[in-house]
Amino acid sequence: IGAIALAVAAVLGLVLAVFAGYRHRAGILAWCRAPKLSVPRGTRHVHRALWAALRWHHLTRNLGLAVADKHAADASVTKVSRPRAVVLPHSHGITARVRTVPGSGREEFEKVADHIADYWRCQRVSVSSPKPGHLIVRGLRRDPLLELISADGIPVSPRPGRDLYLGRDEHGSHRFADLANVP
C-alpha cells in the first residue's frame, strides 16, 4: 500500500506542479480560455443550435406559428400543428430547415424574424424558401461580410482556371463565378 500511495502522491504532485507552473507563467484564466480559440468554426455554435432545437416548439407556440387544427375528429381535444425543424450549427450562427404547416408560411416567419433573432441572440435572421413547403431560417451571430478574408482563407476553386472567386455572400458561403462561356 505504501508504494501505491507514493505513486499516487507523485502523480498528483506532478499534475499540481504543472498547473502551478502554467498558472504562474500565463495565468489560469488564460489556460481556461485557450481551448475556445482552437474550436473549429463549424462547431462553434453547437450549444446554441442544441438550445434552439430543444426550445423550437416553445418558440413556435409563443410566436403564433403553431396553428390549432379546427377540423380534428374529436372536438374536445385540440390538436396543434407546429412547423417541424432541424436546427444545425453554421460557421456564422444557426441554420434551421423548417417544414411549414398550413397557416404558417414564409410571410409569417418573415413577420416574426426579429423576435426569432432576439430569442436566438443573433444579429439578424433571414428566411428563404428553397422549395414549396420548406424554409431555411438562418440566424447570424456576426456579419460574415464584415470579416476580413486573408489570402490563406480563400478556398481553392473546384475547377481551377475556370472559376473566379468572388467572395462571401450574405450567409457566409463562398461564391465563385463560372468563366466557361465567357469569350
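Owing to the predicted nature of the structure, the values given are computational and were not obtained by experimental measurement.

A.B. asks: Explain the side chain of Asp163 to me, using residue names and the numbers behind them.
C.D. replies: With respect to the helices and strands, the residue Asp163 is situated in strand β7 (residues 163-168). For Asp163, the residues in contact, after removing those within four places along its chain, are Ser157, Pro158, Phe176, Ala177 and Asp178.

A.B. asks: Requested: an account of the pairing of strand β8 (residues 174-178), with residues and values cited.
C.D. replies: One ladder, built from 5 bridges, connects β7 with β8; its direction is antiparallel. Its bridge partner lying in β8, Tyr165 is registered against Phe176. Here β7 hands over to β8 after 5 residues, with Gly172 in that stretch at a positive phi of 90 degrees.

A.B. asks: Got a sec to walk through the nonpolar core? Specific residues and values, please.
C.D. replies: The biggest cluster of nonpolar side chains holds 20 residues, and the ones touching the most others in it are Val98, Phe109, Ile116, Trp120 and Val137. Breaking this core down by element, the ones donating at least two residues are α3 (46-54), α4 (56-62), β4 (93-99), α6 (113-120), β5 (124-131) and β6 (134-140). Looking at which element gives the most residues to this core, the answer is α6, with 4 residues. Apart from residues no more than four positions distant in its own chain, Phe109 is found in contact with Trp56, Leu65, Pro83, Val98, Ser104, Ile116, Val127, Leu135 and Val137.

A.B. asks: Explain the pairing of strand β3 (residues 84-90) to me, and be specific about the residues and the numbers.
C.D. replies: Across a regular strand the side chains alternate sides, sitting on one face of the sheet and then on the other. Sheet analysis places β3 next to β4, joined by 7 bridges and oriented antiparallel. Bridge assignment links Val87 to a residue of β4, and that residue is Ala96. The antiparallel pairing of β3 with β4 creates a hairpin that spans 2 residues between the two strands.

A.B. asks: Which residues make up the sheet that holds β3, and what are the values?
C.D. replies: Across the sheet, 4 strands lie side by side as β3-β4-β6-β5; this open sheet has antiparallel pairing. The sheet is open, and its two borders are formed by β3 and β5, each paired with just one other strand. Adjacent strand axes in the sheet meet at a mean angle of 20 degrees, parallel and antiparallel pairs treated alike. Running at roughly 170 degrees to β3, α3 makes contact with β3 and β4 of the sheet. Set on the sheet, α6 makes contact with β4, β5 and β6; between it and β5 the angle comes to about 120 degrees.

A.B. asks: Kindly report on a nonpolar patch on the surface, identifying the contributing residues and their values.
C.D. replies: On the surface, Leu164, Leu166, Leu179 and Val182 cluster together into a nonpolar patch covering about 370 Å² of accessible area. Here Leu179 lies in the segment after β8.

A.B. asks: Explain the confidence of the model for the protein residue by residue, including any values.
C.D. replies: With 76% of its residues at a pLDDT of 70 or more, the protein shows a mean pLDDT of 77. For the stretch residues 21-39, pLDDT sits under 50, and the model shows 5 contacts to residues farther than four places along the chain or on other chains.

A.B. asks: So what about α6? Which residues, and what values?
C.D. replies: Turning to α6, its buried residues are Ala113, Ile116, Ala117 and Trp120. Seen end-on, α6 carries its buried residues on one side only, within an arc spanning 100 degrees. Of the exposed residues in α6, those oriented more than 90 degrees away from the buried face are Asp114 and Asp118. Residues of α6 that are buried make contact with α3, α4, β4, α5 (106-111), β5 and β6. Residue Arg121 follows α6 closely and has a positive phi angle near 60 degrees.

Rules used in this analysis
- Residues numbered from 1 in each chain as written.
- Predicted model: local features only at pLDDT ≥ 70, side-chain atom pairs only at ≥ 80, totals over all residues.
- Heavy atoms only, no water.
- Helix = DSSP H or I, 4+ residues; strand = E, 2+ residues; numbered from the N terminus.
- Contact = heavy atoms within 4.5 Å.
- Pairing = 2+ DSSP bridges.
- Core = buried A, V, L, I, M, F, W, Y, C linked by side-chain atoms within 4.5 Å.
- Buried < 20%, exposed > 50% of the residue type's maximum accessible area, 1.4 Å probe, protein only.
- Axes fitted to C-alpha atoms, helices over the stretch in contact; angles between N-to-C directions.
- Patch = residues over 30% accessible without salt bridge, like charges linked within 9 Å, V, L, I, M, F, W, Y side chains within 5 Å.
- Areas by Shrake-Rupley, 256 points an atom, 1.4 Å probe, with all protein chains shown as cover.
- Salt bridge = Lys/Arg side-chain N within 4 Å of Asp/Glu carboxyl O.
- pLDDT = per-residue confidence, 0-100.
- Arc of directions from axis to C-beta.

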